[in-house]
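# Analysis of the macromolecular model
Residues per chain are reported as follows:
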Amino acid sequence: MKKLVLFSLIILGFAACSRKGVKLQKSHRFSQILKSKDIDYKFKMAEQYYVNKKYNFAQQLFEDLFPYVKGTDRYEDMYYKLAYCYYYQKDYLNAENYFKTFTETFPSSAKSEECEYMRAYTYYKQSPKPELDQTNTNKAIGLMQAFINMHPGSPKIKEANNIIDLCREKLETKDFLNAQLYYNLGYFKAAAITFSGVLDNYPDSKNGDLYKYQSVRSYFKYAEMSYPDKQLERFEKVKADCSDFLDRFQGSKYTTEITKINTETNNLIKNLQNEQTKKTAQR
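Just so it is clear, the structure is predicted and the values come from calculations on it, not from any experiment. (Residues numbered from 1 in each chain as written. Predicted model: local features only at pLDDT ≥ 70, side-chain atom pairs only at ≥ 80, totals over all residues. Heavy atoms only, no water.)

## So, the overall build of the protein chain
- If you tally the helices and strands in the protein chain, you get 12 helices and zero strands.
- In the protein chain, which comprises 283 residues, the share counted as buried stands at 39%.
- Counted over contacts in the protein chain with a minimum sequence separation of 6, partners at least 24 positions apart contribute 52%.
- Surface summary for the protein chain: the accessible area is close to 17,700 Å², and the carbon and sulfur share equals 52%. (Helix = DSSP H or I, 4+ residues; strand = E, 2+ residues; numbered from the N terminus. Buried < 20%, exposed > 50% of the residue type's maximum accessible area, 1.4 Å probe, protein only. Contact = heavy atoms within 4.5 Å. Areas by Shrake-Rupley, 256 points an atom, 1.4 Å probe, with all protein chains shown as cover.)

## Details of unusual backbone geometry
- Look at Lys53: it is not a glycine, yet its phi comes out positive at around 65°.
- A relative accessible area of 62% means that Lys53 is categorised as exposed.
- Residue Lys90 is not a glycine yet carries a positive backbone phi of 65°.
- Inspection of the secondary structure assignment puts Lys90 in the loop between α4 (75-88) and α5 (92-105).
- On the basis of relative accessibility, which here comes to 63%, the residue Lys90 falls in the exposed class.

## Notes on the nonpolar core
- Within the largest apolar cluster, 76 residues are counted, with the highest numbers of intra-cluster contacts made by Phe62, Tyr87, Phe99, Tyr117, Met144 and Val238.
- Among the elements that take part in this core, α4 stands out by supplying 10 residues, more than any other.
- Apart from residues lying up to four places away in sequence, Phe99 is in contact with Ala83, Tyr84, Tyr87, Cys115, Met118, Arg119 and Thr122. (Core = buried A, V, L, I, M, F, W, Y, C linked by side-chain atoms within 4.5 Å.)

## Here we look at the layout of surface pockets
- In this structure, the largest pocket occupies an estimated 310 Å³ of space.
- What lines the largest pocket is a set of 14 residues, and nearest its centre among them are Arg168, Glu169, Glu172, Ser205 and Lys206.
- Ranked by the residues each element gives to the lining of the largest pocket, the list is headed by helix α8 (residues 157-185), at six residues.
- Classifying every residue of the lining of the largest pocket by side-chain character gives five nonpolar, three polar and six charged. (1 Å grid on protein atoms, 1.4 Å probe; cavity = no way out; pocket = protein on both sides within 12 Å on 5 of 7 lines; lining within 4 Å. Points joined across faces, edges and corners; volume = space filled by probe spheres on them. Nonpolar A, V, L, I, M, F, W, Y, C, P; charged D, E, K, R; others polar.)

## Remarks on the packing of α4 against α5
- In the contact formed by α4 and α5, the axes pass within 7 Å of each other and the chain directions differ by 155°. If you check the angle between α4 and α5, you find them roughly antiparallel. α4 and α5 meet at a crossing whose hand is left-handed. Here Glu76, Tyr79, Tyr80, Leu82, Ala83, Tyr84, Tyr86 and Tyr87 of α4 come into contact with α5, specifically with Tyr92, Asn94, Ala95, Tyr98, Phe99, Thr101 and Phe102. (Axes fitted to C-alpha atoms, helices over the stretch in contact; angles between N-to-C directions. Parallel < 35°, antiparallel > 145°, perpendicular 65-115°, else oblique. Left-handed = near helix turned anticlockwise from the far one by under 90°.)

## Examining the packing of aromatic side chains
- Tallied over the entire structure, the rule returns 33 aromatic pairs.
- Each ring, one from Tyr84 and one from Tyr87, has its centre 6.2 Å from the other, and the planes form 85°; the classification is edge-to-face. Here Tyr84 and its partner Tyr87 are both found in helix α4, three residues apart, which amounts to about one turn of the helix.
- With a centroid separation of 5.5 Å and an interplanar angle of 65°, the aromatic rings of Tyr87 and Tyr88 are classed as edge-to-face. (Phe/Tyr/Trp six-rings, centres within 6.5 Å; stacked < 30°, edge-to-face > 60°.)

## Overview of a nonpolar patch on the surface
- A contiguous nonpolar surface patch, about 420 Å² in accessible area, is contributed by Leu181, Tyr182, Leu185 and Tyr187.
- What makes Leu185 exposed here is its relative accessible area of 53%. (Patch = residues over 30% accessible without salt bridge, like charges linked within 9 Å, V, L, I, M, F, W, Y side chains within 5 Å. Salt bridge = Lys/Arg side-chain N within 4 Å of Asp/Glu carboxyl O.)

## Observations regarding the side chain of Lys170
- Looking at the secondary structure, you find Lys170 in helix α8.
- For the buried Lys170, no salt bridge is present, and the opposite-charge side chain at shortest range is Glu131, 8.6 Å distant.
- Side-chain polar atoms of Lys170 contact the side chain of Ser127, separated by 3.0 Å.
- Those residues in contact with Lys170 that lie beyond four places of it in its chain are Ser127, Pro128, Pro130, Gln134 and Thr137. (Lys, Arg positive; Asp, Glu negative; His and termini not counted. Polar contact = N/O pair within 3.5 Å; in protein donor to acceptor, adjacent residues only side chain to side chain.)

## Digging into the packing of α8 against helix α9 (residues 188-201)
- Running from amino to carboxyl end, α8 crosses α9 at an angle of 165°, the nearest separation of the two axes being 7 Å. In terms of their interaxial angle, α8 and α9 are classed as roughly antiparallel. Like other packed secondary-structure pairs, α8 and α9 cross with a definite hand, here left-handed. Between α8 and α9, the contacting residues are Arg168, Glu172, Asp175, Phe176, Ala179, Gln180, Tyr182 and Tyr183 on the first element and Phe188, Ala190, Ala191, Thr194, Phe195, Val198 and Asn201 on the second.

## Some remarks on the environment of Lys189
- Take Lys189: it is sitting in helix α9.
- Sequence spacing of Lys189 and Phe220 is 31 residues, and the spatial spacing of their C-alpha atoms is 9.2 Å.

Here it is, written out as C-alpha cells:
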C-alpha cells in the first residue's frame, strides 16, 4: 500500500513538472516572438493567438505592431481585434476606450456600428451591484439610447432596449434600498418622500404597490412621532394616501395592511378632533 501511494505521488510530481515545463516553453516561445524583427511573422502569430483565444498574447503583439501597421490596410482590423482582446480579458475600461476610439478613427467602417454598441455594452459590464455608485449604469443607459437613436434599423435594437430595461431596474432597486435605509434608521419623513419618489420615477414598475405601501407606512410612523399640534394634519395626509392606494392598486397583497392603517388613522383623527373640541370648550 505504501509503495502504491509513493508511486502515485511520483506520477503526480512528474505531471506537475511536465505542465510547468510546457508553460515555460510557451512563455519562452512568446518572448521570442515578441522580440522578433519580422513584422509579418509577428502579425501572423498575433492573428493565430487571437483565433486561439490567447487574448493576452494577441494584445501584446498587436500593441507592439501598432507603429508599423498604422496607416496600412491592416490597421483597422487590428484595432478592432485589439478592442476585443481587452474585452475578452474583462478589462472593460480599456475595451471601452478602444471601441470609442475605433468609431472616431474609422467612422465609415462597416464595424463602426458594432463598436458603438460594444462601447455602451462595456459600461453595462462595469455596472456594479445596486448598493454601489451607479455612474456606469447611467452611462450605459445614455449610450444605449444614443445607439438606438442613431441606428434605428440595427439588429441590436432589441438587445439595446433590454440592456436599458435591466439598467433601469438596477437604478430602481438602488432608489428603493435608499428609501428602505431611511426607514430602518428611523428617518420616516425622508423614507416616505423617497418611496414616493421611486413610484414617481418608475410609474410602470411591477412593485408600484410596494412603494406606495411603504410610503404610507413611513408617513404614518412620521405622523405618530410628530408634535401633537402637527399630528392631525399629518394623519389627514395618511388617510388621503390610503384612499389613493386603494383606488390605484386594487387587488394588491398590501390591501389588508393599508386597510388596517386606514382604520387606525381614522380612529386617531377622531381622537385628535375630540381633544381639540374639548380644549376649545374649556376656553
